[in-house]
Amino acid sequence: MWTALIASAWLGAMGVFVATVSPTVFQALSMPDASRFLRAYFPKLFRLEIGVGLAILITAILASNLLWMVLGVLIAAMAAFNLWVLTDRINQIADALAEAPENQALKRRFGMMHGASAGLFSLGGLACMWIVGQTAWVLQ
């Protein structure tokens, strides 16, 4: 039950980010300020997601649920990859794009890296949905 509670709380946090933080940043801030904000925000978000994955792993171990253990490890690993690999690459490409905004190759690379980052974040959300859904199914 604790695992599902953690997963559902993370889903709520993800929803708040997608529905409020992300669109508001680009509406309210200039592009340089939005970039500065997001460069400060994403590492914190991904560190929190690593913590969520580890908390899911620990509660899944206590519940002897192998699938949820695997999902917890995957959530933490995807967030770690986002934090320590993709974030830096995305920032490097964004810096290069600021110098050459019409460079199509850089735009494609940025889109690929950003898409990979968003995809990993989304997969973590899907893993959490699985945990919550499976818990709801079992409790019926």
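Residues numbered from 1 in each chain as written. Predicted model: local features only at pLDDT ≥ 70, side-chain atom pairs only at ≥ 80, totals over all residues. Heavy atoms only, no water.

Caption draft 1: Geometry of the overall build of the chain. A count of helices and strands for the chain gives four helices and zero strands. Listed by position from the N terminus, the elements making up the chain come as α-α-α-α. In terms of overall dimensions, the chain has a C-alpha envelope of 55 × 25 × 20 Å along the principal axes. For the chain, the residues scored as buried account for 33% of the 140 residues in total. (Helix = DSSP H or I, 4+ residues; strand = E, 2+ residues; numbered from the N terminus. Buried < 20%, exposed > 50% of the residue type's maximum accessible area, 1.4 Å probe, protein only.)

Caption draft 2: Focus on the pattern of salt bridges. Applying the stated criterion to the full structure yields two salt bridges. A salt bridge links D33 to R36; the nearest nitrogen and oxygen atoms lie 2.2 Å apart. Remark: R36 and D33 occur in helix 2 (residues 31-62); sequence separation between them is three residues, near one turn of the helix. Judged by relative accessible area, D33 falls into the partly exposed class, the value being 32%. A relative accessible area of 55% means that R36 is categorised as exposed. (Salt bridge = Lys/Arg side-chain N within 4 Å of Asp/Glu carboxyl O.)

Caption draft 3: Molecular detail of the packing of helix 2 against helix 4 (residues 104-139). Where helix 2 contacts helix 4, the two axes come as close as 12 Å, and the packing angle between them is 30°. The pairing of helix 2 with helix 4 is recorded here as roughly parallel in orientation. With respect to the hand of their crossing, helix 2 and helix 4 are arranged in left-handed fashion. Contacts from L45, F46, E49 and I56 in helix 2 reach S117, F121, G124, C128 and I131 in helix 4. For the contact of helix 2 with helix 4, the per-class residue count stands at six nonpolar, two polar and one charged. (Axes fitted to C-alpha atoms, helices over the stretch in contact; angles between N-to-C directions. Parallel < 35°, antiparallel > 145°, perpendicular 65-115°, else oblique. Left-handed = near helix turned anticlockwise from the far one by under 90°. Contact = heavy atoms within 4.5 Å. Nonpolar A, V, L, I, M, F, W, Y, C, P; charged D, E, K, R; others polar.)

Caption draft 4: View of unusual backbone geometry. Within the chain, S64 stands out as a residue other than glycine whose phi angle is a positive 55°. Tracing the backbone shows S64 in the loop between helix 2 and helix 3 (66-99).

Caption draft 5: Region of the structure containing the side chain of T3. Note on placement: T3 falls in helix 1 (residues 2-28). In contact with T3, not counting residues within four places along its chain, are I56, T59, A60, W68 and I131.

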